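Spelled out from the first residue to the last, the chains are:
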Amino acid sequence: MIGIARLAAASLLAIAAMGTAHAEDALKARIGVLRLSSSAPVFIAQDKGYFREAGLEVELKFFDAAQPIAVATTSGDVDFGITAFTAGLYNLAGKGVLKVIGGMSREKAGYPLIGYFASNNAYAAGLKTPKDLAGKRVAMTQVGSSFHYSLGLLADKYGFKLADVKIVPLQSLSNAAAALKGETVDAALLPISTARKLTDEGGAKFLGWVGDETPWQLGAVFASPKTLTNKALVTKLLGALAKADREYHDVILAAMKDGVAPINGQTKPLLEIIAKYTNLPVEQVVGNCAYIDPDGKLDVKNVDNQIKWLQEQGFVDKGFDATAIVAKDYVKAD
């Protein structure tokens, strides 16, 4: 009996040792991300253990604007960045210190994400639609940001000059929202997750959605060349994200009607995960579920258009295009 007990104890110790070894063998990755629903697959992959199943130990590091994520990825403070394209990101990529390895969120009609919002005073004075933004003071995070590009597309669509808009860069979403509420700007481009409280409390007026006005590839997954030398790490991360992309698309996006996801037995677990990481109640998350390609594809043609537009505006250095910054070994092109 003693021999059997010793054998059982030895077996348990061996199993425990194997578990410890597997944990030690897990590849570690730090991901820079915003607390926005546009990063929903990242939160799903983390919370449901898809990263862990792929052999990754992932730490999420949260930021309050997109551009600092690109800088952190270049410096090595994070291994991967998952956020919106910005002029700063493109400039870094153009210098060869960043590579785009996958797609994430898109501005797409019917999927509320980034909106145009007016201050109460400006709205009362006639600012009723996005095409009325010419000549107004518009808050956003940074010059050359995704918000800036969206405004540029809007100007092209309605035939007004972007130079006629007074851009007010305030470095963070929270600062832009505060300026809108405080009436120090006429309008702001904000994600609905940031603006909803403002509009619900009567602090601002909704004008329209970027996705309805000018659809485009908003977000991406990117990494430094140093990170890309670890092919196992990159492949595992993209594989876990692909699994989450598909689940998010098939469960939540496929069920959406009129821009709102239903809360039911299938969607609720995922909506609760998104709510957990965005610090929002589920009832708010349902109305700001960003579109993400189910296969994680990147609209490379649109990325090239973005680069050319930003180069024309003087925000991005000339001499490169999308082919120079996209890691073809990993990107699924749309």
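Please read these numbers as outputs of a predicted model, since none were measured by experiment.

A. Focus on the domain arrangement of the protein chain. Domain boundaries assigned for the protein chain yield domain 1 (27–106 + 216–279 + 289–324) and domain 2 (114–212). Across the boundary between the two partners, domain 1 contributes 18 residues, which contact 20 residues of domain 2. Contact with domain 2 buries area across many residues of domain 1, yet Asp64, Trp216 and Trp309 alone supply 43% of it, more than any other trio. Applying the counting rule to domain 1 against domain 2 returns zero salt bridges. Our count for the domain 1 to domain 2 interface comes out at four residue pairs in polar contact (both at pLDDT 80 or more). At the level of elements, α4 (67–75) and α15 (300–312) are the ones that each hand at least two residues to the side of domain 1 that touches domain 2. It is α15 that contributes the most residues to the side of domain 1 that touches domain 2, five residues altogether. Its residues assigned to classes, the side of domain 1 that touches domain 2 shows 11 nonpolar, six polar and one charged.

B. Quick peek at the nonpolar core. Ranked by internal contacts, the top residues of the largest apolar core, which has 54 residues, are Tyr90, Leu133, Leu151 and Ile325. Looking at which element gives the most residues to this core, the answer is helix α7 (residues 146–158), with six residues. No fewer than three residues from each of domain 1 (27–106 + 216–279 + 289–324) and domain 2 (114–212) sit in this core. Ignoring sequence-local partners within four residues, the contact set of tyrosine 90 consists of Phe85, Val303, Gln306, Ile307, Leu310, Val316, Phe320 and Ile325. Val42, Phe51, Ile274 and Cys289 belong to the second-largest nonpolar core, a separate cluster that totals 49 residues.

Rules of the game
- Residues numbered from 1 in each chain as written.
- Predicted model: local features only at pLDDT ≥ 70, side-chain atom pairs only at ≥ 80, totals over all residues.
- Heavy atoms only, no water.
- Domains from an automatic or database assignment.
- Contact = heavy atoms within 4.5 Å.
- Buried area = accessible area lost by both parts, 1.4 Å probe.
- Salt bridge = Lys/Arg side-chain N within 4 Å of Asp/Glu carboxyl O.
- Polar contact = N/O pair within 3.5 Å; in protein donor to acceptor, adjacent residues only side chain to side chain.
- Helix = DSSP H or I, 4+ residues; strand = E, 2+ residues; numbered from the N terminus.
- Nonpolar A, V, L, I, M, F, W, Y, C, P; charged D, E, K, R; others polar.
- Core = buried A, V, L, I, M, F, W, Y, C linked by side-chain atoms within 4.5 Å.
- Buried < 20%, exposed > 50% of the residue type's maximum accessible area, 1.4 Å probe, protein only.

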